[in-house]
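Architecture and fold: a report
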Amino acid sequence: MYNELSHKIAEARMGEWTFVSKFLGSLLGTAVGDALGAPFEGWYRVGLEEIESVTERRDILVYTDDTHMMIGVAESLIRCKGFDGEDMAQTFVRNYELDPFRGYGPGPPRIFRLIRSGEPWDKAAQRLYGGGSYGNGSAMRVAPIGVFYHDSLDRLGEVAYKSSQITHAHSLGQEGAALQAYAIALATNLEPSSSFSRSDFLAKLSTYAKEDIYRQRLSRVATLLTEQDKAKIVAELGNGIEAFNSVPTAIYSFLLHHDSFSKAVLYAISLGGDTDTIAAMTGAISGAYLGIESIPDSWKGKLENKPYIEELAKKLWSLKS
Ligand code: R7I
Ligand code: MG
Ligand code: MG
């Protein structure tokens, strides 16, 4: 389990600017990963030169539902000074209705209509897929919860599960969101200049995981860190739209390149499949670890809606101090 004392020591060593940088890094990291990965969603594999040339040719890096929903999570946490399920659900519905063309998965719009027609926020999602979705839609948006509750890990788990319940009620969807939030919180709590232990990071996540499929996939991550064959990585960890086929892959991409935001995110996209989402989740963890300075200016500078996402990250941090 996470050690409170080591957190206090890390906190004492890190100045306030570092935490602000990490909040900014995780939220903008989500958006940059999402926007960079979006043109390649559904591809088999993607060459690094292809990603770079497509990115260079774009004037604006436009994000998708992953970031659109992450913005809703942050807005609601800020408005309510913490988690409020009803408010977060209504925020998702409002944001979706204002801007529905963001590439949402099939489930959430159906749930938003149910909530609009009076279904309770914590019941509507159970009506889909015979008991709830295990898509990655609640993990992809979880960065604000990961950074906001970095210092209160029991509450972090509880909130991640409840926030997932709004749209993804299946236990595998909920656990995907909780694991991703936990990875972000661990990354937020680590000083980037100190020596990073992949095995400690993985051991904490493995202890945290309850469902067999996550435990089994996380147990493969350490061995796969020396594997060059991307087909093998995808075969063992997945690159799909399901939470269990993408959250472990994002954790893997971060760990493989824990010292470089750009390498981690480009690697995540290169695996193909659900590229925007796996890159968004990789960017959220990497940005939380390395901070905003680690995201290349050439990417940040072209990101759609950057000032607003920055404002949300700063407001979230100011609620902590
Ligand atoms: O999870 P969700 O919001 O989709 C997110 C994805 C990301 O890649 C975004 O970038 C965007 O492109 O969409 O949407 P859901 O509809 O909840 O789940 C996504 C898919 O997971 C569904 O369309 C199903 O194919 C699959 N799925 C399930 N299949 C069978 N049984 C989710 N839950 C189930 C299930 O219980
Ligand atoms: Mg998307
Ligand atoms: Mg996606």
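See the structure shown above.
Please read all numbers here as calculations on a predicted model, not as lab measurements.

**Quick notes on the packing of aromatic side chains**
Enumeration over the complete set of coordinates arrives at 17 aromatic pairs. Measuring from centroid to centroid gives 5.4 Å for Phe-201 and Phe-254, while their planes differ by 55°, and the two rings are tilted. Linking Phe-201 in helix α10 (residues 198-208) with Phe-254 in helix α13 (residues 247-256), this pair joins segments that are 53 residues apart in sequence. Judged by its relative accessible area of 0%, Phe-254 is buried. Aromatic rings pair up to connect Phe-196, Phe-201, Phe-254 and Tyr-289 into one cluster. Cation over ring: Arg-45 sits above Tyr-44, and NZ or CZ is 4.3 Å from the ring centre.

**Notes on the coordination of the magnesium ion (ligand 3)**
Bound to the magnesium ion (ligand 3) are the protein donor atoms Glu-41 (OE), Asp-274 (OD), Asp-276 (OD) and Thr-277 (OG1), situated 2.0 to 2.4 Å from the metal. Geometry at the magnesium ion (ligand 3) is octahedral, judged from its six donor atoms and the angles of 78 to 178° they form at the metal. In the primary sequence, the donor residues of the magnesium ion (ligand 3) line up as E-x232-D-x1-D-T. Taken as an interatomic distance, the gap from the magnesium ion (ligand 3) to the magnesium ion (ligand 2) is 3.7 Å; Asp-276 donates to each of them. Of this pair, Glu-41 sits in the loop between α2 (16-37) and α3 (48-57) while Asp-274 sits in the loop between α14 (261-270) and α15 (275-290); the two residues are 233 residues apart in sequence, bridging distant segments of the chain. What makes Glu-41 partly exposed here is its relative accessible area of 42%. You can call Asp-274 buried: its relative accessible area is 5%.

**Describing the side chain of Thr-282**
With respect to the helices and strands, Thr-282 occurs in helix α15. For Thr-282, a relative accessible area of 0% gives the class buried.

**As for the packing of helix α5 (residues 85-98) against helix α6 (residues 107-116)**
The axes of two packed helices give the description: the angle between them and the distance between them. With their axes 10 Å apart at the nearest point, α5 and α6 run at an angle of 115° to one another. Relative to α6, the element α5 lies roughly perpendicular. Crossing of α5 over α6 shows left-handed handedness. Facing α5, whose interface residues are Ala-89, Gln-90, Phe-92, Val-93, Tyr-96 and Glu-97, α6 presents Pro-109, Phe-112, Arg-113, Ile-115 and Arg-116. Taken together, the residues of the contact of α5 with α6 break down into seven nonpolar, one polar and three charged.

**A look at the pattern of salt bridges**
If you walk through the whole model with that rule in mind, you get 15 salt bridges. Residue Glu-158 is joined to Arg-155 by a salt bridge in which the shortest nitrogen-to-oxygen separation is 2.9 Å. Here Arg-155 and Glu-158 lie together in helix α8 (residues 153-165), a separation of three residues that amounts to about one turn.

**Things to note about the coordination of the magnesium ion (ligand 2)**
Protein coordination at the magnesium ion (ligand 2): the donors are Thr-64 (OG1), Asp-65 (OD), Asp-66 (OD) and Asp-276 (OD), at 2.1 to 2.3 Å from the metal. In primary sequence terms, the donor set of the magnesium ion (ligand 2) follows T-D-D-x209-D. Classification of Asp-276 by relative accessible area gives buried; the value is 0%.

**Here's the deal with the site of ligand 1**
Neighbouring residues of ligand 1: 21 residues in total, closest Gly-107, Tyr-129, Ser-133, His-168 and Asp-274. A distance of 2.9 Å separates an oxygen atom of ligand 1 from a polar side-chain atom of Asp-276. When ligand 1 sits alone it has 700 Å² of accessible area, and the protein chains cover 83% of it. At the level of secondary structure, the elements contributing two or more residues to the shell around ligand 1 comprise α4 (65-80), α6 and α15. Along the lines of polarity and charge, the residues of the shell around ligand 1 split into six nonpolar, ten polar and five charged.

Analysis parameters
Per chain, the residues get numbers from 1 upward, laid out in the order the sequence is written. Each chain gets a letter, beginning with A, and each ligand a number, beginning with 1, in the order they are written. Owing to the predicted nature of the model, reporting of local features is limited to residues with pLDDT of at least 70; listing and counting of side-chain atom pairs is limited to 80 or more, with chain, interface and lining totals taken over all residues. To get the side-chain values, take all heavy atoms of the structure and skip hydrogens and water. Only centres within 6.5 Å qualify two rings of Phe, Tyr or Trp (six-membered ring in Trp) as a pair; their planes then separate them into stacked at under 30 degrees, edge-to-face at over 60, and tilted for everything else. Helix and strand definitions here come from DSSP, where helices need a minimum of 4 consecutive H or I residues and strands a minimum of 2 consecutive E residues; each element is numbered from the N-terminal end. Type-normalised accessible area, obtained with a 1.4 Å probe on protein chains alone, sets the label of each residue: buried when under 20%, exposed when over 50%, and partly exposed for intermediate values. Any Lys NZ or Arg CZ found within 6 Å of a ring centre and within 35 degrees of that ring's normal is scored as a charge over the ring. Sites may look incomplete, because water is not among the atoms used; the donor set itself consists of N, O and S atoms within 2.8 Å of the metal (3.2 Å for Na, K and Ca). Every angle between 85 and 135 degrees makes a four-donor site tetrahedral, while opposite donors more than 155 degrees apart, with all other angles between 65 and 115, make a four-donor site square planar and a six-donor site octahedral; other sites are irregular. With axes taken as lines fitted to C-alpha atoms, and helix axes fitted only over the stretch in contact, angles between N-to-C directions fall between 0 and 180 degrees. Oblique is the label for any angle not under 35 degrees, not over 145, and not in the 65 to 115 range, which are roughly parallel, roughly antiparallel and roughly perpendicular in turn. What makes a crossing left-handed is the near helix being turned counterclockwise from the far one by less than a right angle; a clockwise turn instead makes it right-handed. Contact definition: two residues touch when any of their heavy atoms are within 4.5 Å. Charged means Asp, Glu, Lys or Arg here, nonpolar means Ala, Val, Leu, Ile, Met, Phe, Trp, Tyr, Cys or Pro, and polar covers whatever is left, Gly included. We define a salt bridge as a side-chain nitrogen of Lys or Arg found within 4 Å of a carboxyl oxygen belonging to Asp or Glu. It suffices for a single heavy atom of a residue to lie within 4 Å of a molecule or strand for the residue to be listed as near it. The term polar contact refers here to a pair of N or O atoms within 3.5 Å; inside protein, the definition further demands a hydrogen-donor-capable atom paired with an acceptor-capable atom, and it admits residues adjacent in sequence only when both atoms are side-chain atoms. Using a 1.4 Å probe, the Shrake-Rupley method yields the accessible areas, and only the shown protein chains count as cover for residues.

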